[in-house]
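Structural overview for review
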Amino acid sequence: MLTASTHSAPMTKVIIPYKYQMELDDDLPLWHELETQHNVQFLKYHMTTPEDFIAYINDEQINCIWITEDFFTYLGGPTPYWDHFPDSLRAIVVPWVGSDFIDGKRLREEKDIVLCNVGPNAASNVSDLCMHLVLSCFRMTSFMEHCFKFIDRGDVDACKDHIGSTKGDLVEQQLTNSRDGKSYPYTYPDKKQRSATEPFNIVQNYNFGDKHIVSPTNKTALILGFGSIGQMIGEKLHGAFDMKIQYYKRSGAVPREILGYDAEYVSDLDHTESWKHADVIILSLPSNPQSDNIINRDTLAMCKDGVRVVNVGRGSCIDEDALLEALESGKVNSCGLDVYKNEDTRINDKLLSRWDVTALPHLGSAVYDIVLLETQITLDNIKNIFVDGGRGIYTVN
């Protein structure tokens, strides 16, 4: 049982592992308050080896681990050290939303360790990014930007000559990395040849490589995962594009008075009726056995031809081989991805080589505004646990 601290309370040690960078604001008033008034020591730990990390957290009798990006990149995150956690460890605080890298339920039951994140506070920033991906999927803006910068280099009219191209017009461009000299293929639809004697009617062929260029306005979005992020995505799509919102949420429907907009609850993903109306499927799901490969050959087969797929949840939710097959066949018109399988090694090169994929490097909520807020919320969680005797403000286990 955690008890509130007093001036004579023992020091609380919070480890912040880093290798080359940290994402926090240590000038916030609450940071200094915790240090000077509540006996909290923030230990910025420069990582070397797993063995040194294990020795350090046990020698120092660490009470709290502040999760960082570098911790995952260089030491694999907290899970590999499960059996080496000191008995003093009482909390793991995550300065973002996703916490499915560790079994929170088991963490609480076996070790009585609190797991906290930043709650719904990153939803606005993630949903902003989702709006960009949705718009790119419908308007093909990512491909047009590539043409304007690298293929037709500032020639406005030449860029527009790609309109009307078919799958048979696909060509391959070799992109060379100036750092390592390696070349990578990028396949795209070349310009459609025009003829003065046989005028080409682009109204009847308004597409790139047989992929349609349309507006998202008045279309239907199916959102899989309808927590704070999914609900805000729905709100923005409905407000900006007057889209019809359908959603799936394992725990059930959300009352209209809470949402503030009309949305249709889809209760069962095993039936074609749940999929067939969507013009775009948006994933904002965590990683778990129920969500793994939820987008697969079977579910895509239930969708309308030319559906679009956007993922701002977890890469594990998509069978990437099935997605690539569907992009190739045209079953999927285009997709916008911010998350992928195998992010810790190397993602599927085939996704990066396609012109109909808008690919971002897991930006999520990464903006200056949220970095400041995430530090504040993480400090609030620490204060609640180690000063006020609570279980954290945004506890996920």
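This structure is a prediction, so every number in the text was calculated from the model and none was measured.

**Side note on the overall build of the chain**
Regarding its fold elements, the chain presents 13 helices and 16 strands. The C-alpha extent of the chain, read off along each of the three principal axes, is 90 × 55 × 35 Å. Relative to its 397 residues, the chain shows a buried fraction of 48%. The contacts in the chain between residues at least 6 apart in sequence include a share of 70% that link residues at least 24 apart. Per element, the accessible surface of the chain, about 19200 Å² overall, is 49% carbon and sulfur.

**A word on the pairing of strand 6 (residues 170-176)**
Examined bridge by bridge, strand 6 and strand 7 (residues 183-189) share seven bridges and lie antiparallel to one another. Across the sheet, Q173 pairs through a bridge with Y186, a residue of strand 7. Connecting strand 6 to the antiparallel partner strand 7 that follows it, the hairpin turn spans six residues, and G181 within it adopts a positive phi of roughly 75°.

**Topic: the packing of helix 5 (residues 123-139) against helix 8 (residues 228-241)**
At their nearest, the axes of helix 5 and helix 8 sit 9 Å apart, and the two run at 50° to each other. Comparing the axis directions of helix 5 and helix 8 gives the class oblique. Handedness of the crossing formed by helix 5 with helix 8: right-handed. Touching A123, S124, V126, S127, D128, C130, M131, V134 and L135 of helix 5 are S228, I229, M232, I233, K236, L237, A240 and F241, all from helix 8.

**Some details on the sheet that holds strand 13 (residues 280-283)**
Strand order across the open sheet formed by seven strands is 12-11-10-13-14-15-16, with parallel pairing between neighbours. The sheet is open, and its two edges are formed by strand 12 (264-265) and strand 16 (357-359), each paired on a single side. Along the sheet, helix 5 makes contact with strand 13, strand 14 (307-311), strand 15 (332-337) and strand 16, crossing strand 14 at roughly 155°. Against the sheet, helix 8 touches strand 10 (220-224), strand 11 (244-248) and strand 13, its axis set at about 170° to strand 10.

**So, the packing of aromatic side chains**
Using the criterion set out here, one finds 19 aromatic pairs in the structure. Both rings, one in F71 and one in Y81, keep their centres 6.3 Å apart while their planes meet at 15°; by these two values the pair is stacked. Here the residue F71 occupies a position in helix 3 (residues 69-75), and Y81 occupies one in the loop between helix 3 and strand 4 (91-93), the gap between them amounting to ten residues. Residue classification places F71 among the buried residues on the basis of a relative accessible area of 0%.

**Thoughts on the environment of W31**
As for its position among the elements, W31 is in helix 1 (residues 29-37). Judged by relative accessible area, W31 falls into the buried class, the value being 3%. Each C-alpha atom, one on W31 and one on E60, is 20 Å from the other, the two residues being 29 residues apart in sequence. Setting aside its immediate chain neighbours within four residues, W31 contacts I16, L24, D25, D26, F42, K44, W66 and L379.

**Brief notes about unusual backbone geometry**
Phi at D112 is positive, roughly 55°, even though this residue is not glycine. Its place among the elements puts D112 in the loop between helix 4 (104-111) and strand 5 (114-116).

**A look at the nonpolar core**
By size, the foremost hydrophobic cluster in this structure holds 31 residues, and its most contacted members are L224, W275, I281, L283, I295 and L323. Of all the secondary structure elements, the ones that give two or more residues to this core are strand 10, strand 13, strand 14, helix 11 (320-329) and strand 15. Looking at this core element by element, the count peaks at five residues for helix 11. Look past the residues within four positions of L224 in its chain and what remains in contact with it is Y248, L269, W275, I281, I282, L283, S284, L285, I294 and I295.

**A few points about the environment of T36**
Looking at the element boundaries, T36 is found in helix 1. Within polar-contact distance, the side chain of T36 engages the backbone oxygen of H32 at 2.7 Å.

**Points about the pairing of strand 2 (residues 40-46)**
Where strand 1 (residues 12-18) and strand 2 come together, seven bridges link them in parallel fashion. Following the sheet pairing, Y18 is matched in strand 2 by H46. Of the crossover connections in this fold, the one passing from strand 1 over helix 1 to the parallel strand 2 is right-handed.

**So, the pattern of salt bridges**
As enumerated under the stated definition, the model contains 24 salt bridges in all. Of the charged contacts in the structure, one is a salt bridge between E264 and K244, with a shortest N-O distance of 3.5 Å. In this pair, E264 is assigned in strand 12 and K244 in strand 11, connecting sequence segments 20 residues apart. As a salt-bridge pair, R354 and E328 come within 2.8 Å of each other at their nearest N and O atoms. In this pair, R354 is assigned in the loop between helix 12 (349-352) and strand 16 and E328 in helix 11, connecting sequence segments 26 residues apart.

**A look at helix 5**
In this model, helix 5 (17 residues) spans 24 Å end to end at C-alpha, consistent with the 24 Å of a helix rising 1.5 Å per residue. With twelve of 17 residues buried, helix 5 is to be regarded as a mostly interior element. Where helix 5 is concerned, the buried positions are A123, N125, V126, S127, L129, C130, M131, L133, V134, S136, C137 and F138.

**Topic: the confidence of the model for the chain**
Averaged over every residue, the pLDDT of the chain is 92; the share at 70 or more is 98%. Per-residue pLDDT stays below 50 along residues 1-6; that stretch engages in twelve contacts with residues further than four places along the chain or on separate chains.

**So, helix 8**
End to end, helix 8 covers 20 Å across 14 residues, agreeing with the expected 20 Å (1.5 Å per residue, within 8%). The complete set of buried residues in helix 8 reads I229, G230, I233, G234, L237 and F241. The arc that holds the buried residues of helix 8, viewed along the axis, is 135°, so those residues lie on one side. Residues of helix 8 that are buried in the fold lie against helix 5, strand 10, strand 11 and strand 13. At the exit of helix 8 stands D242, carrying a positive phi of roughly 50°.

What counts, and at which threshold
Residues numbered from 1 in each chain as written. Predicted model: local features only at pLDDT ≥ 70, side-chain atom pairs only at ≥ 80, totals over all residues. Heavy atoms only, no water. Helix = DSSP H or I, 4+ residues; strand = E, 2+ residues; numbered from the N terminus. Buried < 20%, exposed > 50% of the residue type's maximum accessible area, 1.4 Å probe, protein only. Contact = heavy atoms within 4.5 Å. Areas by Shrake-Rupley, 256 points an atom, 1.4 Å probe, with all protein chains shown as cover. Pairing = 2+ DSSP bridges. Axes fitted to C-alpha atoms, helices over the stretch in contact; angles between N-to-C directions. Parallel < 35°, antiparallel > 145°, perpendicular 65-115°, else oblique. Left-handed = near helix turned anticlockwise from the far one by under 90°. Phe/Tyr/Trp six-rings, centres within 6.5 Å; stacked < 30°, edge-to-face > 60°. Core = buried A, V, L, I, M, F, W, Y, C linked by side-chain atoms within 4.5 Å. Polar contact = N/O pair within 3.5 Å; in protein donor to acceptor, adjacent residues only side chain to side chain. Right-handed = clockwise from strand over helix to strand, strands pointing away. Salt bridge = Lys/Arg side-chain N within 4 Å of Asp/Glu carboxyl O. Expected span 1.5 Å × (residues − 1). pLDDT = per-residue confidence, 0-100. Arc of directions from axis to C-beta.

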